[in-house]
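Close look at the chain arrangement
The residues making up each chain are set out below.
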Amino acid sequence: MCFPKLPIKSFSLLLLPIFLTSCGGDYTWGWYVIDPLKDAGRSNIEFLIGGFLNTLSISLVAITISVVVGLLVSIPGISTNKYLRAFNVGYVTIIRSIPVLVMVLWVHYGLPVVLDIHLSIFATGVIALAICDSPFEAEIFRAGIQSIEKGQHEAAESMGLKYFQKMRLIILPQAIRRIIPPLGNQFVYMLKMSSLISVIGYTDLTRRASELNVTEYRPLEIYSFLILEYLALILIVTYLFHRIEKHLKANEKIQNPSSTS
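Residues numbered from 1 in each chain as written. Predicted model: local features only at pLDDT ≥ 70, side-chain atom pairs only at ≥ 80, totals over all residues. Heavy atoms only, no water.

With respect to the helices and strands, Trp29 occurs in the loop between helix H2 (16–22) and helix H3 (39–49). The exposure class of Trp29 is buried, given its relative accessible area of 17%. For the pair formed by Trp29 and Leu220, sequence separation is 191 residues and the distance between their alpha carbons is 8.4 Å. (Helix = DSSP H or I, 4+ residues; strand = E, 2+ residues; numbered from the N terminus. Buried < 20%, exposed > 50% of the residue type's maximum accessible area, 1.4 Å probe, protein only.)

What follows concerns the packing of aromatic side chains. Tallying each qualifying case throughout the model produces five aromatic pairs. Measuring from centroid to centroid gives 6.0 Å for Phe122 and Tyr202, while their planes differ by 50°, and the two rings are tilted. With Phe122 in helix H7 (residues 121–146) and Tyr202 in the loop between helix H9 (163–193) and helix H10 (205–216), this pair connects stretches of sequence that are 80 residues apart. Between Phe187 and Phe241, the aromatic rings sit 6.2 Å apart at their centres with planes inclined by 45°, giving tilted as the arrangement. Note that Phe187 is positioned in helix H9 and Phe241 in helix H11 (residues 219–255), a separation of 54 residues in sequence. When its relative accessible area of 7% is taken as the criterion, Phe187 is described as buried. Taking NZ or CZ as reference, Arg208 lies 4.8 Å from the ring centre of Phe47, over its face. (Phe/Tyr/Trp six-rings, centres within 6.5 Å; stacked < 30°, edge-to-face > 60°. Lys NZ or Arg CZ within 6 Å of the ring centre and 35° of its normal.)

With that out of the way, let us pick up the nonpolar core. Ile58, Val100, Val104, Leu129, Met190, Leu191 and Ile197 are the most contacted members of the largest nonpolar core, which totals 23 residues. Look past the residues within four positions of Met190 in its chain and what remains in contact with it is Ser59, Ala62, Ile63, Leu129 and Asp133. Ile34, Ala209, Leu212 and Ile222 belong to the second largest nonpolar core, which has eleven residues in total. (Core = buried A, V, L, I, M, F, W, Y, C linked by side-chain atoms within 4.5 Å. Contact = heavy atoms within 4.5 Å.)

The subject of this paragraph is the pattern of salt bridges. Using the criterion set out here, one finds five salt bridges in the structure. Ionic pairing is found between Arg178 and Glu149, a salt bridge with its closest N-O pair at 3.3 Å. Of this pair, Arg178 sits in helix H9 while Glu149 is found in the loop between H7 and helix H8 (150–158), placing the two residues 29 residues apart along the sequence. Of the residues examined, Glu149 reaches a relative accessible area of 41% and is grouped as partly exposed. A salt bridge links Arg218 to Glu221; its shortest N-O distance comes to 2.9 Å. Judged on exposure class, the residue Arg218 and its partner Glu221 are both buried. (Salt bridge = Lys/Arg side-chain N within 4 Å of Asp/Glu carboxyl O.)

Looking now at a nonpolar patch on the surface. Residues Trp106, Val113, Val114, Leu115, Ile117, Leu119 and Ile127 make up a contiguous nonpolar surface patch of roughly 660 Å² in combined accessible area. Among the elements that line the nonpolar patch, the one with the most residues is helix H6 (residues 100–114), at three residues. Along the polypeptide, Val113 turns up in helix H6. Judged by its relative accessible area of 68%, Val113 falls in the exposed class. (Patch = residues over 30% accessible without salt bridge, like charges linked within 9 Å, V, L, I, M, F, W, Y side chains within 5 Å. Areas by Shrake-Rupley, 256 points an atom, 1.4 Å probe, with all protein chains shown as cover.)

Attention now goes to the side chain of Thr124. Take Thr124: it is sitting in helix H7. Note on Thr124: relative accessible area 2%, which makes it buried. The contact partners of Thr124, leaving out residues within four places of it in the chain, are Val104, Val107, His108, Leu119 and Ile200.

Here we come to the packing of helix H4 (residues 52–77) against H7. Following both chains from N to C, one finds H4 and H7 inclined at 45°, their axes separated by 5 Å at the closest point. Between H4 and H7, the crossing angle belongs to the class labelled oblique. Crossing handedness for the pair H4 and H7: right-handed. Tallied by class, the residues present in the contact of H4 with H7 amount to 17 nonpolar, eight polar and three charged. (Axes fitted to C-alpha atoms, helices over the stretch in contact; angles between N-to-C directions. Parallel < 35°, antiparallel > 145°, perpendicular 65-115°, else oblique. Left-handed = near helix turned anticlockwise from the far one by under 90°. Nonpolar A, V, L, I, M, F, W, Y, C, P; charged D, E, K, R; others polar.)

Okay, structure coming up:
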């Protein structure tokens, strides 16, 4: 079973400070800064983990918008109209070429000047992350839709379903089962990308670690703890998506016993 493996893997991460201490050479380690047995250490840990909610919230909102935009962009990619396909290729190629940090900075500094739009740091981060992730979501949806057998399309059309009815009722429900793993990978990617929003002042996990380092100046210890925070968060998310994938596969076998997947 997969369930008991997660705590074992997570527990092994606790050995990281010991490993780092043994490799430090002449460096004087200051683990007291995050020592849970000391008042100051506990206070610092509480401050650091206080960024979990902000990291999760901006990632969830951004990935939700990105999935919707990606789905809308993927539809022209499977069209027979060459102009629609050109739009899909152009959007994916151009947006995918822009570094995430550059997009974050441009949205933050560019929108107020170009469009006279003043957004909160949270909204700025969501827009930048969603835009940068949407081309990848579009490609995931396009591949998932194109993986559905041609017979499914023909059967839907023989029932008199229009294009969007066919996509909504027949094709997309099957495609979503197949794209859950890559969607999970993209959410993990989004969690990591969200750390870049800290450069414009968003108080996520990374920003809090940087702020604590200013006062304590123990960068190696604090950023080592930050690694553990992201590892724990991503392990949990990966486990949850794995459970969702298994659940969907079990339902598919019940609905289609002849399936060998």
